[in-house]
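So you can see what is in the structure, the chains are spelled out below.
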Amino acid sequence: MEEASNTKHSSFWGIMVIAGTVIGGGMFALPVDLAGAWFFWGAFILIISWFSMLHSGLLLLEANLNYPVGSSFNTITKDLIGNKWNVVSGITVAFVLYILTYAYISANGAIISETISINAGTHVNPRIVGICSAVFVASVLWVSSLAASRITSFFLGIKIIAFVVVFGSFFFQVDYTILRDIAAPEANSTYLPYILMAVPVCLASFGFHGNIPSLIICYGKRKDKLIKSIVYGSLLALVIYLFWLYCTMGNIHRSSFKEIIASGGNVDALVKSFLGTNQRGVIEFFLLIFSNLAVASSFFGVTLGLFDYLADLFKMGNTPWGRFKTLLLTFLPPAALYLIFPNGFIYAIGGAGLCATVWAVIVPAFLALKSRERFPEKTFTVWGGKAIPVVVILFGVMVILCWFGSTLNLLPRFG
């Protein structure tokens, strides 16, 4: 069933896997959650989040390269920092990947049903569509993890073309009075206080860490290709995110985002707002393509990471039956949650940001520091000595404080 690892893959493939995983549902959560901070402050905190998540990913790679190919987060954490930390990180890893899988089932159901409604004039129950999309992704994963990665790369390629067409058009329609928020009734409102509530979502929007073991399976210990994949893949995501914010916040009034937030903030609500800017014909067509593939590519990337994690955790075999059992563990819990709570996309992304702080930010920093002590002849070391792990840990602590501050209504909330 599963194809053997092939170190002859080019770095481009890895870049597409990382970027395809990152550039997805987070694109639809970011404008909504950054609406309070608006464009300039939003771009600032997004860059800070990218820098921190990039380096936490490199720190995780540093630790991972000291272990045999195929070793996952669970194996490395248990060996380097003990079983207690492994239990904590294991719970957060599973929660993040599960909650993101739930978020993308929800997003797929919303955007695909909206697409059918716009083009066919027929209403289809989003829950049915969401479950069908989960079954399709599971079927691909059952055949091969590499097949899922290649579909993610293929989707990303089409998504970039659609992105260029759609937002090339939106780019030339940007209204600077909207972008600078000087045309709205609340033109004198403040922005800086709203930064903190958006930090967890910014962090979750750069969540590629679950794919690092999968990349190592593909490339072996070719650190040059692995580093290029992580750096350029996440950088590509940052550039597209910034361009996306520029186009959304330059076309949709800040006050309009309050209506999107009030409707639950799901993907279809933001797409409807774009269509409300009188976009029709070719632009509407490519906007719908982009919206669908943005969610689908992240769906494949996240479930691939969850699938590989569960296969290693429960030592499932790579036989058809072993992969089928892993798929049941991967998809049944989030699918069941989706059937009960179908519109939890924005809340799921925010909750994922909290738990991702533990396993994708704080734990990788400790893993790298411990691996440097354990393996003097290490394969790869992140630049900056101990300063980078410390900076990453401090960023993680800030995210946790921001999440609790927002949840307990201690931070100002826009909308």
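Predicted model, so just to flag it, every value in this text is computed and none were measured. (Residues numbered from 1 in each chain as written. Predicted model: local features only at pLDDT ≥ 70, side-chain atom pairs only at ≥ 80, totals over all residues. Heavy atoms only, no water.)

Take the overall build of the protein next. The number of helices and strands found in the protein is 17 helices and 0 strands. Over its C-alpha atoms the protein spans a radius of gyration of 20 Å, differing by no more than 12% from the 22 Å that the globule rule assigns to 415 residues. Each principal axis of the C-alpha atoms in the protein carries an extent, and together these give about 60 × 45 × 40 Å. Split by element, the accessible area of the protein, about 16200 Å² in all, is 69% carbon and sulfur. Each charge class in the protein was averaged separately, 25 positive and 17 negative side chains, and the resulting centres sit 8 Å apart. (Helix = DSSP H or I, 4+ residues; strand = E, 2+ residues; numbered from the N terminus. Rg over C-alpha atoms; globule rule 2.2 N^0.38 Å. Areas by Shrake-Rupley, 256 points an atom, 1.4 Å probe, with all protein chains shown as cover. Lys, Arg positive; Asp, Glu negative; His and termini not counted. Charge placed at Lys NZ, Arg CZ, Asp CG, Glu CD.)

We now examine a nonpolar patch on the surface. A contiguous nonpolar patch, built from Trp142, Val143, Trp321, Phe324, Leu328 and Leu332 and spanning about 590 Å² of accessible area, is present on the exposed surface. Of all the elements in the fold, those that place two or more residues in the nonpolar patch are helix 6 (126-143) and helix 15 (320-340). A per-element tally of the nonpolar patch places helix 15 first, with 4 residues. With respect to the helices, strands and loops of the structure, Phe324 is situated in helix 15. (Patch = residues over 30% accessible without salt bridge, like charges linked within 9 Å, V, L, I, M, F, W, Y side chains within 5 Å. Salt bridge = Lys/Arg side-chain N within 4 Å of Asp/Glu carboxyl O.)

Turning to the side chain of Ser214, a few remarks are in order. Along the chain, the position of Ser214 falls in helix 10 (residues 212-219). Among all residues touching Ser214, those that are not within four sequence positions of it are Leu304 and Asp308. (Contact = heavy atoms within 4.5 Å.)

The subject of this paragraph is the nonpolar core. Met27, Phe28, Phe167, Phe206, Trp244, Phe290 and Leu367 are the most contacted members of the largest nonpolar core, which has 136 residues in total. Tallying contributions element by element places helix 14 (residues 282-313) first for this core, with 15 residues. With near-sequence residues (within four places) excluded, Leu367 lies in contact with Leu60, Ala63, Phe73, Ile76, Thr77, Leu80 and Ile81. (Core = buried A, V, L, I, M, F, W, Y, C linked by side-chain atoms within 4.5 Å. Buried < 20%, exposed > 50% of the residue type's maximum accessible area, 1.4 Å probe, protein only.)

With 21 residues, helix 15 ought to run about 30 Å at 1.5 Å a step, and its terminal C-alpha atoms sit 30 Å apart, in line with that. The sharpest bend along helix 15 measures roughly 30 degrees and falls at Phe331, with the proline Pro333 sitting one to four residues further on. Every buried residue belonging to helix 15 is among Gly322, Arg323, Thr326, Leu327, Thr330, Phe331, Pro334, Ala335 and Tyr338, and all of these are buried. The secondary structure elements touched by the buried residues of helix 15 are helix 5 (83-120), helix 6, helix 7 (145-171) and helix 14. (Expected span 1.5 Å × (residues − 1). Bend = angle between axes of the 7 residues up to and from the residue.)

With that settled, consider the confidence of the model for the protein. Model confidence for the protein is summarised by a mean pLDDT of 83, while 91% of its residues fall at 70 or above. Confidence, expressed as mean pLDDT per element, reaches its minimum in the protein at helix 13 (residues 267-275) with 67 and its maximum at helix 3 (residues 38-64) with 94. (pLDDT = per-residue confidence, 0-100.)

Another aspect to go through is helix 14. For helix 14, with 32 residues, the first-to-last C-alpha span of 46 Å sits near the 46 Å given by 1.5 Å per residue. By the criterion of burial, helix 14 is predominantly enclosed, with 27 of the 32 residues buried.

The subject of this paragraph is the state of the cysteines. A complete count under the given rule lists 0 disulfides for this structure. Here Cys202 stays unpaired: no disulfide links it, and the sulfur of Cys402, its closest cysteine neighbor, is 10 Å away. A relative accessible area of 0% means that Cys202 is categorised as buried. (Disulfide = S-S within 2.5 Å.)

This brings us to the packing of aromatic side chains. Any two aromatic rings considered together are summarised by their centre-to-centre distance and by the angle between their planes. Counting across every chain of the model gives 21 aromatic pairs. Taking 6.0 Å as the distance between ring centres and 80 degrees as the angle between the ring planes, the aromatic pair formed by Trp13 and Tyr219 counts as edge-to-face. With a gap of 206 residues between them, Trp13 in helix 1 (residues 11-22) and Tyr219 in helix 10 connect regions that are remote in the sequence. Here Tyr219 falls in the buried class, since its relative accessible area comes to 0%. Ring geometry for Tyr194 versus Phe414: centroids 5.7 Å apart, planes at 80 degrees, classification edge-to-face. Within this pair, whereas Tyr194 is found in the loop between helix 8 (176-179) and helix 9 (195-204), its partner Phe414 is found in the segment after helix 17 (387-407), the two being separated by 220 residues in sequence. Owing to a relative accessible area of 6%, Phe414 belongs among the buried residues under this scheme. The structure contains a cluster of three or more aromatic residues connected by ring pairs, namely Phe39, Phe40, Phe171, Phe172, Tyr176, Phe243 and Tyr246. (Phe/Tyr/Trp six-rings, centres within 6.5 Å; stacked < 30°, edge-to-face > 60°.)

Bringing the packing of helix 7 against helix 14 into the picture now. One way to put it is that helix 7 packs onto helix 14 with a least axis distance of 8 Å and a crossing angle of 150 degrees. The orientation of helix 7 relative to helix 14 falls into the category roughly antiparallel. At the point where helix 7 passes helix 14, the crossing takes the left-handed sense. (Axes fitted to C-alpha atoms, helices over the stretch in contact; angles between N-to-C directions. Parallel < 35°, antiparallel > 145°, perpendicular 65-115°, else oblique. Left-handed = near helix turned anticlockwise from the far one by under 90°.)

Viewed as axis vectors pointing N to C, helix 9 and helix 17 meet at an angle of 120 degrees, and their least axial separation amounts to 8 Å. Taken together, helix 9 and helix 17 sit at an angle that is classed as oblique. The chirality of how helix 9 crosses helix 17 is left-handed. Seen from helix 9, the contacting residues are Leu196, Met197, Val199, Pro200 and Leu203; seen from helix 17, they are Phe395, Met398, Val399, Cys402, Trp403 and Ser406.

Moving on: the environment of Ile393. Relative to the helices and strands, Ile393 resides in helix 17. Judged by its relative accessible area of 18%, Ile393 is buried. For the pair Ile393 and Ala365, spaced 28 residues apart in sequence, the C-alpha to C-alpha distance is 6.7 Å.

Before going further, it helps to spend a moment on unusual backbone geometry. Unusually for a residue other than glycine, Trp38 sits at a positive phi of about 65 degrees. Within the secondary structure layout, Trp38 lies in helix 3. For Trp38, a relative accessible area of 3% gives the class buried. Of note, the phi angle at Asn409 is positive, near 60 degrees, even though the residue is not glycine. Looking at the element boundaries, Asn409 is found in the segment after helix 17.

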